[in-house]
Amino acid sequence: MIPVAFDYQRPQTLDEAVALLATRGEDATVLAGGHSLLPVMKLRMAAPELVIDIGRLAELRHLRVEGDEIAIGAATRYRDLVTSTVLAAECALLPAVAATVGDPQVRHRGTLGGAIAHGDPAGDMPAAILALDGTVVLQGPNGRRSVPVAEFYTGLFSTVREPDELVVEIRVPRTGATGWAYEKFTRRSNDWAIVAVAVATMPSGAVNVAMVNMAGTPIRATATEAALAEGKSIVDAAALAAEGTNPPADTHGTPEYRRHLAQVLTRRALQTAIA
Ligand SMILES: Cc1cc2nc3c(=O)[nH]c(=O)nc-3n(C[C@H](O)[C@H](O)[C@H](O)COP(=O)(O)OP(=O)(O)OC[C@H]3O[C@@H](n4cnc5c(N)ncnc54)[C@H](O)[C@@H]3O)c2cc1C
C-alpha cells in the first residue's frame, strides 16, 4: 500500500530536530533507518502529518568510550556496531547481537536508536541493552534525561518516551571482549527471533540474562540470575529461565514452546559465557 500523504523535513542539527519535534509533538514522527516505520506507514497503521528525518544527523552517530561507559549515538547503524573495533574490545556482546539482525540491507540502514525507540518485543537490541544494564538518553525541549533501559519499556511497542522527546544516545558499561553470549532461535537465518537469550557478565561479576519475545517487553530472567548468584549450577539456574515470563502465542510457537526454548537457550548461552 501507499502511505497517507505527509510532510518531510530533514533538520541539519540536533537542536533543530528537537525544536521541530517540540512544535509538532504527536502530529510528527521521527524517521531513522525507516525499516520499521515505513512498513507501518505503508500499512497505514501510522499516518503522521510530518516525518522528521534524523537518520543522517552526524551528532547522533558517535561511538566512544567515556569513563566506565560506552556512549553510542542513536543514529548509529547496525553495520557500525558490527564493525566497531571499540565495541569488539569493550563490549563484544553488542556487535555480536547486531550481526544477527535481519540481512545486510537492514543492517546498513537500521539504527540502534530506532530499534530501542520502536520497542518491538521481538527485537534483538533492546534485550542486549537490558542484559548490559544500559541507559537510554532522551532529549526534549526541557533538556536531557537518562532512563535505565529496565524502566524504559512499558508494554508492547510502548516506552516512557514523550512525543516531544528524541532518543539521542544509548550508554552501556565496558564489559569487555569475553563473558557474553547470544543465542537466537529462528526458523530461517534472517528472521526475527522466536526466542533469544543474551548473557552479559558485568564488571561487578554479576551475570545478567535478558530474553527476547518472552513477554510484551524485553525481560530479565531474574530467577536464573538469583540462582547463579547463590552458586547454583548452570543447568539448575537455566531451568528457571521461564519463571515470571508471559510469552506470546503466534504462528511460530505456543507459550509452552517458548518457555522450553527459553530454558534451553539460557543453558547454552550460560555455558558459552561463563562455563
Ligand atoms: C526485512 C527486515 C528484517 C528485520 N529483521 C530484524 C531482526 O532480525 N531483528 C530485529 O531486532 N529487527 C529486525 N528488523 C527491524 C530493524 O531492526 C529496524 O531497523 C529497527 O527495528 C528500527 O530501526 P530503524 O532505524 O529502521 O527505525 P525507524 O523504522 O526509522 O523507526 C522505528 C520507530 O522508532 C522511532 N524512532 C526512530 N529513531 C528514533 C529516535 N532517535 N528517537 C525517537 N524515536 C525514534 C520512529 O519514529 C518509529 O516509530 C527487520 C526489519 C526488516 C525490514
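Structure: see above.
Residues numbered from 1 in each chain as written. Predicted model: local features only at pLDDT ≥ 70, side-chain atom pairs only at ≥ 80, totals over all residues. Heavy atoms only, no water.

**What to know about the nonpolar core**
Move 1: By size, the foremost hydrophobic cluster in this structure holds 39 residues, and its most contacted members are Leu93, Leu94, Ile116, Met125, Phe152 and Val172.
Move 2: Ranked by residues supplied to this core, first place goes to helix α8 (residues 124-131) with six residues.
Move 3: A domain split of this core shows at least three residues from each of domain 2 (58-173) and domain 3 (182-274).
Move 4: When residues no more than four places from it in sequence are discounted, the contact partners of Leu94 are Ile72, Leu87, Met125, Ala128, Ile129, Leu132 and Val172.
Move 5: If you look at the next biggest cluster of nonpolar residues, it comprises 24 residues, including Ile194, Val199, Ala215 and Ile219. (Core = buried A, V, L, I, M, F, W, Y, C linked by side-chain atoms within 4.5 Å. Buried < 20%, exposed > 50% of the residue type's maximum accessible area, 1.4 Å probe, protein only. Helix = DSSP H or I, 4+ residues; strand = E, 2+ residues; numbered from the N terminus. Domains from an automatic or database assignment. Contact = heavy atoms within 4.5 Å.)

**Looking at the site of the ligand**
Move 1: What surrounds the ligand is a group of 29 residues, the closest being Val30, Leu37, Tyr78, Thr111 and Asp124.
Move 2: Take Val167: an N or O atom from its main chain is 2.9 Å from a nitrogen atom of the ligand.
Move 3: Among the elements of the structure, β2 (28-31), α7 (112-118) and β10 (166-173) are those that each provide at least two residues to the shell around the ligand.
Move 4: If one sorts the elements of the shell around the ligand by residue count, α7 sits on top with four residues.
Move 5: Considering only residue class, the shell around the ligand consists of 14 nonpolar, 11 polar and four charged. (Near = heavy atom within 4 Å. Polar contact = N/O pair within 3.5 Å; in protein donor to acceptor, adjacent residues only side chain to side chain. Nonpolar A, V, L, I, M, F, W, Y, C, P; charged D, E, K, R; others polar.)

**Describing the pattern of salt bridges**
Move 1: Considering all chains together, one arrives at 15 salt bridges under this definition.
Move 2: Arg258 is the salt-bridge partner of Asp250, the closest N and O atoms lying 3.0 Å from each other.
Move 3: On the basis of relative accessible area, Arg258 is assigned to the buried category, the value being 0%.
Move 4: In this structure, Arg259 and Glu256 form a salt bridge, with 2.7 Å as the shortest nitrogen-oxygen distance. Of the two residues, Arg259 and Glu256 are both situated in helix α11 (residues 255-274); the distance of three residues between them amounts to about one turn of the helix.
Move 5: For Arg259, a relative accessible area of 25% puts it in the partly exposed group. (Salt bridge = Lys/Arg side-chain N within 4 Å of Asp/Glu carboxyl O.)

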